[in-house]
Amino acid sequence: MVESFESQLDAQVEERLTAMERPGYAFPESLGSIDWALIGAVPVVSAVLLAVGAAL
């Protein structure tokens, strides 16, 4: 029988949480200042390019 999406999702979430609770799990590094600057700059540049494109 085919598993429902919810049961597949629950199984995957449980598997990942179990892996993260292991003592040797290496968590990713937090975002740095360059990352945050890029996160802010990309939407601003996109908005400017859209405005310029609309004005043409």
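As a starting point, this report considers the structure included with it. (Residues numbered from 1 in each chain as written. Predicted model: local features only at pLDDT ≥ 70, side-chain atom pairs only at ≥ 80, totals over all residues. Heavy atoms only, no water.)

**With respect to the overall build of the chain**
Per the secondary structure count, the chain includes two helices and zero strands. Relative to a compact globule of 56 residues, whose C-alpha radius of gyration would be 10 Å, the chain shows 21 Å and is clearly more extended. Counting only C-alpha atoms, the chain reaches 55 × 35 × 10 Å along its principal axes. Scored against the burial criterion, the 56 residues of the chain give a buried share of 0%. Of the roughly 5300 Å² of accessible surface on the chain, a fraction of 68% belongs to carbon and sulfur atoms. (Helix = DSSP H or I, 4+ residues; strand = E, 2+ residues; numbered from the N terminus. Rg over C-alpha atoms; globule rule 2.2 N^0.38 Å. Buried < 20%, exposed > 50% of the residue type's maximum accessible area, 1.4 Å probe, protein only. Areas by Shrake-Rupley, 256 points an atom, 1.4 Å probe, with all protein chains shown as cover.)

**A word on the packing of aromatic side chains**
Summed over all chains, the structure comprises one aromatic pair. Look at Y25 and F27: their rings are 4.7 Å apart centre to centre, the planes differ by 80°, and that puts the pair in the edge-to-face class. (Phe/Tyr/Trp six-rings, centres within 6.5 Å; stacked < 30°, edge-to-face > 60°.)

**Here's the deal with a negative patch on the surface**
Residues E6, D10, E14 and E21 make up a contiguous surface patch of negative charge. Positionally, D10 belongs in helix α1 (residues 5–20). (Patch = residues over 30% accessible without salt bridge, like charges linked within 9 Å, V, L, I, M, F, W, Y side chains within 5 Å. Salt bridge = Lys/Arg side-chain N within 4 Å of Asp/Glu carboxyl O. Lys, Arg positive; Asp, Glu negative; His and termini not counted. Charge placed at Lys NZ, Arg CZ, Asp CG, Glu CD.)

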